[in-house]
Amino acid sequence: WFCDTIQPPLETMMTLWTIWANYDPEAKVWYTCDSEVPGLVAEGETLAELERKIGERFMDMLEGNAHMILDKSRLQGPHEVRLVAFSETRSQIAA
């Protein structure tokens, strides 16, 4: 019963959308490489800029591509976006 008491009420539950990003070291930008929101494409020089652009485009893409989302209950707000970013570097270390 304890876990039930710490869960937020259903009316405040957010729909979580995941967006994956990669870093292109040649172009020096972060870009969306996959998204649960169809058509959501963005890039930015920093993760903060990418996140801002995603926020600006999110509702337009969600509404414009709602027909591509199978679970229509996910279209109800409020919404939360999880940005998962991946970057890899290699360094040579002298022996």
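Report follows, based on the coordinates. Owing to the predicted nature of the structure, the values given are computational and were not obtained by experimental measurement. (Residues numbered from 1 in each chain as written. Predicted model: local features only at pLDDT ≥ 70, side-chain atom pairs only at ≥ 80, totals over all residues. Heavy atoms only, no water.)

So, the sheet that holds strand E4 (residues 79-86)
Rules: A pair of strands is treated as paired once DSSP finds two or more bridges between them. Helix numbering and strand numbering both begin at the N terminus, where a helix is a DSSP run of H or I of at least 4 residues and a strand a DSSP run of E of at least 2.
Spatially, the four strands line up as an open sheet ordered E3-E2-E1-E4, and their pairing is mixed. Of all the strands in the sheet, just strand E3 (43-44) and E4 have a single pairing partner and so form its edges. Two elements, strand E1 (residues 15-24) and strand E2 (residues 29-35), share six bridges in a ladder whose sense is antiparallel. The residue of E2 that forms the bridge with Tyr 23 is Trp 30.

Details of the packing of aromatic side chains
The criterion, for reference: The criterion for an aromatic pair is that two Phe, Tyr or Trp rings (for Trp, the six-membered ring) have centres within 6.5 Å, with stacked assigned to planes under 30 degrees apart, edge-to-face to planes over 60 apart and tilted to the rest. Working definition: with a 1.4 Å probe on protein chains only, accessible area under 20% of the residue-type maximum means buried, over 50% means exposed, and in between means partly exposed. By definition, being over a ring means that NZ of Lys or CZ of Arg is both within 6 Å of the ring centre and within 35 degrees of the ring normal.
Counted under the stated rule, the structure contains two aromatic pairs. Note on Trp 17 and Phe 58: the rings are 6.2 Å apart at their centroids and 70° apart in plane angle, and the pair reads as edge-to-face. A residue pair is termed long-range when its members are at least 10 positions apart, and Trp 17 in strand E1 and Phe 58 in helix H2 (residues 47-64) qualify at 41 residues. Classification of Trp 17 by relative accessible area gives buried; the value is 0%. A ring pair is formed by Tyr 23 and Trp 30, whose centres lie 5.1 Å apart and whose planes are at 55°; its orientation type is tilted. One cation-aromatic arrangement involves Arg 74 over Trp 17; the distance from NZ or CZ to the ring centre is 3.9 Å.

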